[in-house]
Amino acid sequence: MDNTIEKKFRTPIIIVSILIPIVVAILFSVKLKDFGINVEPLSFLPPIYASINGITAILLILAVRAIKNGNRSLHEKLMTTAIACSVIFLVMYVAYHMTSESTKFGGEGIIRYVYFFILLTHIALSVIIIPLVLFTYVRALSQQFDRHKKLARITFPLWLYVAVTGVVVYLMISPYYVN
């Protein structure tokens, strides 16, 4: 068991886990046009990054199946791809919000409460999942497979929830996008 790799990455993971939500929150409120940068709204991005969330969910499920079937190599590739998809999602999400006005959910009644419950849990867990994914990944890289598996049992369902609810949030708000 090699704890030195995890110890080496502990501080960077904590820093990244704090910085990503803060930077995203700041960039979410920054509009490029406010700085004189004339760029067309990237209004084509939401269905793409929602699809990437869906792909991430599929990758996570396939990765769990791969490891349960003893295919560690495939599991590693699928998990690395899922992390890459999450990074791509994040870049597209920020780019969209830096070039476009936020869309307001127009649903009424109970569906409005359902939407905001899903949205708020999605956002909260998307912040929590960052260090969980990174520590789970580092434990695998450092071949601490018992510790990796223990943390993965928490990380997997939360990450899957974030990925799936990302698609659900998009589907619920997509009728209200302005073209």
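Throughout what follows, the structure given in this document is the object of discussion. Since this is a predicted model, take the numbers as computed values, not measurements. (Residues numbered from 1 in each chain as written. Predicted model: local features only at pLDDT ≥ 70, side-chain atom pairs only at ≥ 80, totals over all residues. Heavy atoms only, no water.)

1. Topic: the nonpolar core
At step 1: Counting residues in each nonpolar core, the largest one holds 24 residues, and the members touching the most others are Leu60 and Trp159.
At step 2: Residue assignment for this core shows that the elements contributing at least two residues are α2 (45–68), α3 (72–99), α4 (110–141) and α5 (145–173).
At step 3: In terms of residue count, the dominant contributor to this core is α2 (eight residues).
At step 4: Not counting residues within four places of it along the chain, the set of residues in contact with Leu60 comprises Met79, Ala82, Phe156, Trp159 and Leu160.
At step 5: Core analysis: the second largest hydrophobic core is formed by seven residues, Tyr115, Leu119, Met172 and Ile173 among them. (Core = buried A, V, L, I, M, F, W, Y, C linked by side-chain atoms within 4.5 Å. Buried < 20%, exposed > 50% of the residue type's maximum accessible area, 1.4 Å probe, protein only. Helix = DSSP H or I, 4+ residues; strand = E, 2+ residues; numbered from the N terminus. Contact = heavy atoms within 4.5 Å.)

2. Focus: a nonpolar patch on the surface
At step 1: On the surface, Ile14, Ile18, Ile22 and Ile26 cluster together into a nonpolar patch covering about 350 Å² of accessible area.
At step 2: Relative to the elements of secondary structure, Ile18 occurs in helix α1 (residues 3–29). (Patch = residues over 30% accessible without salt bridge, like charges linked within 9 Å, V, L, I, M, F, W, Y side chains within 5 Å. Areas by Shrake-Rupley, 256 points an atom, 1.4 Å probe, with all protein chains shown as cover. Salt bridge = Lys/Arg side-chain N within 4 Å of Asp/Glu carboxyl O.)

3. Quick notes on the packing of aromatic side chains
At step 1: This model, assessed by the stated rule, comprises eleven aromatic pairs.
At step 2: Taking 6.2 Å as the distance between ring centres and 90° as the angle between the ring planes, the aromatic pair formed by Tyr96 and Tyr177 counts as edge-to-face. Placement of Tyr96 in helix α3 and of Tyr177 in the segment after α5 is noted, with a sequence separation of 81 residues between them.
At step 3: According to the relative accessible area criterion, Tyr177 is partly exposed, its value standing at 22%.
At step 4: When the ring of Phe105 is compared with that of Tyr176, the centres are 5.3 Å apart and the planes differ by 70°; the resulting orientation is edge-to-face. In this pair, Phe105 sits in the loop between α3 and α4 while Tyr176 sits in the segment after α5, placing the two residues 71 residues apart along the sequence.
At step 5: Judged by relative accessible area, Phe105 falls into the buried class, the value being 9%.
At step 6: Each residue in the set Phe28, Tyr49, Phe89, Tyr93, Tyr96, Tyr170 and Tyr177 is aromatic and connected to the rest through ring pairs, giving one cluster.
At step 7: The ring of Phe145 has Arg72 sitting right over it, with the charged end atom 4.0 Å from the ring centre. (Phe/Tyr/Trp six-rings, centres within 6.5 Å; stacked < 30°, edge-to-face > 60°. Lys NZ or Arg CZ within 6 Å of the ring centre and 35° of its normal.)

4. Things to note about the layout of surface pockets
At step 1: Each pocket or cavity is described by its volume, and for the largest pocket that value is around 1,200 Å³.
At step 2: Looking at the largest pocket, it is lined by 40 residues, and the ones nearest its centre are Phe89, Leu90, Tyr93, His122 and Ser126.
At step 3: Counting only elements with at least two residues in the lining of the largest pocket, the list comes to α1, α2, α3, α4 and α5.
At step 4: A per-class count over the lining of the largest pocket returns 30 nonpolar, nine polar and one charged.
At step 5: Put simply, the second largest pocket is a space of about 740 Å³.
At step 6: Residue assignment for the lining of the second largest pocket shows that the elements contributing at least two residues are α2, α3, α4 and α5.
At step 7: Per-element tally for the lining of the second largest pocket: the top contributor is α5, with nine residues.
At step 8: Residue composition of the lining of the second largest pocket, grouped by class: 14 nonpolar, six polar and five charged. (1 Å grid on protein atoms, 1.4 Å probe; cavity = no way out; pocket = protein on both sides within 12 Å on 5 of 7 lines; lining within 4 Å. Points joined across faces, edges and corners; volume = space filled by probe spheres on them. Nonpolar A, V, L, I, M, F, W, Y, C, P; charged D, E, K, R; others polar.)

5. Remarks on α5
Since the α-helix packs 3.6 residues into each turn, any two residues three or four apart lie on the same face.
At step 1: Helix length check: α5, at 29 residues, gives a terminal C-alpha distance of 40 Å against a target of 42 Å (1.5 Å per residue), a fit within 8%.
At step 2: Of all bends in α5, the biggest is about 35°, found at Ala152. (Expected span 1.5 Å × (residues − 1). Bend = angle between axes of the 7 residues up to and from the residue.)

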